[in-house]
Structure formats: structure tokens, C-alpha cells
Amino acid sequence: MKRVIIKITGKVQGVSFRQSTLAQATALGLTGYVSNLTDGSVQVLAQGSYPAVDKLIRWCETGAPMASVDNVYVEDDEADDIYLDFSIVQL
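Just so we're clear, the structure is a prediction, and the values are computed from it rather than from any experiment. (Residues numbered from 1 in each chain as written. Predicted model: local features only at pLDDT ≥ 70, side-chain atom pairs only at ≥ 80, totals over all residues. Heavy atoms only, no water.)

Here we look at the overall build of the protein
Looking only at helices and strands, the protein has two helices and five strands in total. Along the protein, from the amino end to the carboxyl end, the secondary structure elements read β-α-β-β-α-β-β. A globule of 91 residues ought to have a C-alpha radius of gyration of about 12 Å, and the protein, at 12 Å, matches this closely. Each principal axis of the C-alpha distribution contributes one length, and for the protein these read about 30 × 25 × 20 Å. The burial tally for the protein puts 44% of its 91 residues in the buried class. Here the analysis covers contacts within the protein between residues at least 6 apart in sequence; of these, 78% occur between residues at least 24 apart. (Helix = DSSP H or I, 4+ residues; strand = E, 2+ residues; numbered from the N terminus. Rg over C-alpha atoms; globule rule 2.2 N^0.38 Å. Buried < 20%, exposed > 50% of the residue type's maximum accessible area, 1.4 Å probe, protein only. Contact = heavy atoms within 4.5 Å.)

Set out below in C-alpha cells:
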């Protein structure tokens, strides 16, 4: 299983980015969450199969139709908490 934290910057809030990420992650069978951050970016924690996580990372490079993504930062996450689904949360 692969687990990453993804930070997406650009025009990614107020453009249905979280809802689109939820739909994409669910379709890929991933668990974790997506959340707006106070700096205007979006953070995603995604866990699942290597190919599915990699597909979500690639999807984040474009994101929701109304979004304008500047950068996508990805880091491996070694935490061991388990997510049973994918959801929108407030951090």
C-alpha cells in the first residue's frame, strides 16, 4: 500500500476541487481525505494501491475543471492510522 500527502497550490479553492477530488479518489478505490488549508491550497492524504495513488497524483496536476493548478507537492506519509473511506474534512 502507498500513502502520500499531496499539497496543491494555485486557484484550487472555491472551484469544487475538494468535491472533484473526492469523486476521483472514490472511483480509484482510495481512502483518506481532502481539505482546504488556510494558505489557499488544498491538502490530500491518499492511501491505496500504488497505481491508484499515482493516478490521483497525476489527476491533481490538472484537478477540477475550474481549477488552475500551479504546483503539486507530494511526500510519502509513514503514519499508521487507517482510513476506511475518502472524505472531505476540515483540518
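A word on the pattern of salt bridges
In the structure shown here, the tally under the stated rule is four salt bridges. A salt bridge links Arg3 to Asp77; its shortest N-O distance comes to 2.6 Å. Taken as a pair, Arg3 in strand β1 (residues 2-11) and Asp77 in the loop between β4 (68-76) and β5 (86-88) lie far apart in primary sequence, 74 residues in all. Residue classification places Asp77 among the buried residues on the basis of a relative accessible area of 18%. With a closest N to O distance of 2.8 Å, Arg3 and Asp81 form a salt bridge. Here Asp81 lies in the loop between β4 and β5 and Arg3 lies in strand β1, a separation of 78 residues in the sequence. Under the relative-accessibility criterion, Asp81 is labelled partly exposed at 33%. Taken together, the salt bridges that share partners define one network made up of Arg3, Asp77 and Asp81. (Salt bridge = Lys/Arg side-chain N within 4 Å of Asp/Glu carboxyl O.)

Description of the UniProt feature "domain: Acylphosphatase-like" (unreviewed entry) in the protein
This chain's UniProt record puts "domain: Acylphosphatase-like" (unreviewed entry) on residues 3-90. In the segment residues 3-90, helix accounts for 25% and strand for 39%; the C-alpha atoms at its two ends are 19 Å apart. (UniProt positions renumbered as here; feature names shortened; annotations may be inferred.)

A short note on the pairing of β1
By the criterion of burial, β1 is predominantly enclosed, with seven of the ten residues buried. Summarising the sheet, β1 and strand β3 (residues 42-48) pair through seven bridges and their orientation is antiparallel. Across the sheet, Lys7 pairs through a bridge with Gln43, a residue of β3. Two elements, β1 and β4, share eight bridges in a ladder whose sense is antiparallel. Residue pairing across strands places Thr9 opposite Asn71, the latter belonging to β4. (Pairing = 2+ DSSP bridges.)

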